[in-house]
Amino acid sequence: MSDLYPLGVVAGTDRVFTTGDGVRIHYIEAGNGQPLVMLPGWSQSAAMFGHQIAGLGDRFRVIAVDPRGHGDSEAPAHGYNPHRMALDVRELILALDLRDVVLLGHSSGVKYVWAYWEMFEGDRLSKLIIVDDSPRLLDNPAWSPESRAEVGPMYFRGELDDFSSFLLGGPAEERTREAIRGMFSPGFIADNPEIFDWIVSENLKMPREKAMELLYATSGMDWRGTIGRIALPTLVIGAEGSTHKVAVISRIAKRIKGARLRIFGREEGGSHFMFMENPKAINAEVAAFIAEGPREDE
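All residue numbers refer to position in the chain's written sequence, counted from 1. With the structure being a predicted model, the display of local features is reserved for residues of pLDDT at least 70 and the display and counting of side-chain atom pairs for 80 or more, all residues being used for whole-chain, interface and lining totals. To obtain the side-chain values, all non-hydrogen atoms of the structure were included, while hydrogens and water were left out.

1. With respect to the overall build of the protein chain
Phase 1 of the analysis: The helix and strand inventory of the protein chain stands at 13 helices and eight strands.
Phase 2 of the analysis: For a compact globule of 298 residues, the expected C-alpha radius of gyration is about 19 Å, and the protein chain comes in at 18 Å, within 12% of that figure.
Phase 3 of the analysis: Using a 1.4 Å probe on the protein chains alone, a residue whose accessible area is under 20% of its type maximum counts as buried, one over 50% counts as exposed, and one in between counts as partly exposed. The buried share among the 298 residues of the protein chain stands at 57%.
Phase 4 of the analysis: Whether two residues are in contact is decided by their heavy atoms: any pair within 4.5 Å suffices. The long-range share in the protein chain, meaning contacts at least 24 apart out of those at least 6 apart in sequence, stands at 73%.
Phase 5 of the analysis: Each accessible area is a Shrake-Rupley estimate made with a 1.4 Å probe; only the visible protein chains count as cover when residues are assessed. Entry remark: accessible area of the protein chain is about 11,900 Å², with carbon and sulfur atoms responsible for 50%.
Phase 6 of the analysis: For the purpose of counting charges, residues Lys and Arg are taken to be positive, whereas Asp and Glu are taken to be negative. His and the chain ends are not included. Charge placement uses NZ in Lys and CZ in Arg. For Asp and Glu, CG and CD serve respectively. Measuring between centres, the 32 positive side-chain charges of the protein chain sit 4 Å from its 42 negative side-chain charges. Helix and strand definitions follow DSSP, with helices as H or I runs of at least four residues and strands as E runs of at least two, each counted in order from the N terminus. Radius of gyration: over C-alpha atoms. The globule rule applied is 2.2 Å multiplied by the number of residues raised to the 0.38 power.

Below is the structure:
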């Protein structure tokens, strides 16, 4: 990874487009061919897909997006919710006249994929890639034990407020570093301290108060009904060492007719950020999925 990080030197071209509500959105583009549009997770940046831009740009037109408020995009006073983020993606797709798009979301970026489907279904899309996210982050006391196990909430009563108070109540770099440390394999951080420093700096590009506004807006939405309506070929990716349980990721795949499921083991960099820890493996998985035709049972 030293060829791309920690300086964030990405093998692509920086570009900007302006949304219908006047927000400048930054994205990185590389290659030609079928479009692969990639959406990072909460408070992350397009540059963190550096290995995918470099490793897949020889076969696809790779476009990694900084959602509003993230990375090098403008941080306006409004729009920090999954449907506005999805509308930004829609406007980018239309502005570039992209068709047959493979739409990939990681973590909270998955929620923008689901919101896109809810508003526009499969228009301009050909396939979806869902990388490691739960249908809802916040617990609902009305759920049965079975429903709670299916969703796998990260936050129970008061815990989201506690996290917000923690993140906003002290030095931003120190609190952000601690918040995301558990999303990586311990060995990865120990072996790559400069890379982790760079990852923290990319997260800090998003104002902390806007980051929490977005987290509150996305945490309480239950996407299971939307997920069950998806009617595009879909690859669902999870990891044994992730903050999201393998059982939850597996149930997402079961809800989508014909979906493929790939779980990365701990021994193969299977953390929440498996696309950074084992880029060759995930790039191969993504490339093979995009290239394959429909199965006989689809």
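2. Topic: the sheet that holds strand S1 (residues 13-18)
Phase 1 of the analysis: Here, strands pair whenever DSSP counts at least two bridges between them. Within the open sheet, the eight strands sit side by side as S1-S2-S4-S3-S5-S6-S7-S8. Their pairing is mixed. Edge positions in the sheet fall to S1 and strand S8 (260-264), since each of these pairs with one other strand and no more. Geometrically, the sheet is characterised by an average inter-axis angle of 20° between neighbouring strands, direction not taken into account.
Phase 2 of the analysis: Of the strand pairs in this sheet, strand S3 (residues 35-39) and strand S4 (residues 61-65) are connected by four bridges, and their pairing is parallel. Looking at S4, one finds that Pro-35 is bridged to Arg-61.
Phase 3 of the analysis: On the sheet, helix H11 (residues 246-255) packs against strand S7 (234-239) and S8 and is oriented at approximately 175° with respect to S7.
Phase 4 of the analysis: Sheet strands touched by helix H13 (residues 279-291): S3, strand S5 (101-106), strand S6 (125-131), S7 and S8. Its angle to S6, the strand with the most contacts, is close to 155°. Axis lines are fitted through C-alpha atoms, for helices just across the contact stretch, and the angle between N-to-C directions can take any value from 0 to 180 degrees.

3. Here's the deal with the packing of helix H5 (residues 159-168) against helix H9 (residues 208-219)
Phase 1 of the analysis: One can describe the packing of H5 onto H9 by two numbers: an axis separation of 10 Å at closest approach and a directional angle of 170°. What the angle tells us is that H5 and H9 run roughly antiparallel. Here H5 contributes Leu-160, Asp-161, Phe-163, Ser-164, Leu-167 and Leu-168 to the contact with H9, which in turn contributes Arg-208, Glu-209, Met-212, Leu-215, Tyr-216 and Ser-219.
Phase 2 of the analysis: Grouping the constituent residues of the contact of H5 with H9 by class yields seven nonpolar, two polar and three charged. The labels follow the angle: roughly parallel below 35 degrees, roughly antiparallel above 145, roughly perpendicular from 65 to 115, and oblique for the rest. Under the scheme applied, nonpolar residues are Ala, Val, Leu, Ile, Met, Phe, Trp, Tyr, Cys and Pro; charged residues are Asp, Glu, Lys and Arg; polar residues are all the others, including Gly.

4. A few points about the side chain of Asp-133
Phase 1 of the analysis: Inspection of the secondary structure puts Asp-133 in the loop between S6 and helix H4 (145-151).
Phase 2 of the analysis: Here Asp-133 falls in the buried class, since its relative accessible area comes to 2%.
Phase 3 of the analysis: The definition of a polar contact used here is a pair of N or O atoms within 3.5 Å, where within protein one atom must be able to donate a hydrogen and the other to accept one, and adjacent residues in sequence count solely through side-chain atom pairs. A polar contact of 2.6 Å, which involves the side chain of Asp-133, links it to the side chain of Lys-111.
Phase 4 of the analysis: Excluding anything up to four places from it in sequence, Asp-133 contacts Ser-107, Ser-108, Val-110, Lys-111, Trp-114, His-244, Ile-249 and Ile-252.

5. Notes on unusual backbone geometry
Phase 1 of the analysis: In this model, Ser-43 sits at a positive phi of 70°, which is unusual for a non-glycine residue.
Phase 2 of the analysis: Mapping Ser-43 onto the fold places it in the loop between S3 and helix H1 (50-56).
Phase 3 of the analysis: In this model, Ser-107 sits at a positive phi of 55°, which is unusual for a non-glycine residue.

6. Describing the confidence of the model for the protein chain
Phase 1 of the analysis: The predictor attaches a confidence to each residue, called pLDDT, with possible values from 0 through 100. Of all residues in the protein chain, 95% attain a pLDDT of 70 or more, and the chain-wide mean is 93.
Phase 2 of the analysis: Contacts for the low-pLDDT stretch residues 1-7, under 50 throughout, to residues beyond four places or in other chains number 23 contacts.

7. Topic: the pairing of S8
Phase 1 of the analysis: Only one face of S8 is covered, namely the face carrying Arg-260, Arg-262 and Phe-264; the face carrying Leu-261 and Ile-263 is uncovered.
Phase 2 of the analysis: Of the pairings in the sheet, the one linking S7 to S8 comprises five bridges and is parallel in character. When the bridges of S8 are listed, Ala-239 appears paired with Phe-264.
Phase 3 of the analysis: Crossover connection from S7 via H11 to parallel S8: handedness right-handed. Crossovers are described as right-handed under a simple rule: with the strands pointing away from the observer, the path leading from the first strand over the helix to the second runs clockwise.

8. Observations regarding H11
Along an α-helix, residues three or four apart share an orientation, since each turn contains 3.6 residues.
Phase 1 of the analysis: When H11 is considered as a whole, its buried residues turn out to be Val-248, Ile-249, Ser-250, Ile-252 and Ala-253.
Phase 2 of the analysis: Turning to H11, the residues buried within the fold contact helix H3 (108-120), H4, helix H10 (224-227), S7 and S8.

9. Comments concerning the side chain of Arg-208
Phase 1 of the analysis: Mapped onto the elements, Arg-208 comes out in helix H9.
Phase 2 of the analysis: No salt bridge is formed by the buried Arg-208; its nearest oppositely charged neighbour, Glu-209, is found at 6.9 Å.
Phase 3 of the analysis: At a separation of 2.6 Å, a polar atom in the side chain of Arg-208 contacts the side chain of Ser-43.
Phase 4 of the analysis: Polar contacts involving the side chain of Arg-208 include one to the side chain of Thr-176, which spans 3.1 Å.
Phase 5 of the analysis: If we ignore the near neighbours within four places in the chain, the residues touching Arg-208 are Ser-43, Leu-167, Leu-168, Ala-172, Thr-176 and Asn-203. Put simply, a salt bridge is a Lys or Arg side-chain nitrogen that is within 4 Å of an Asp or Glu carboxyl oxygen.

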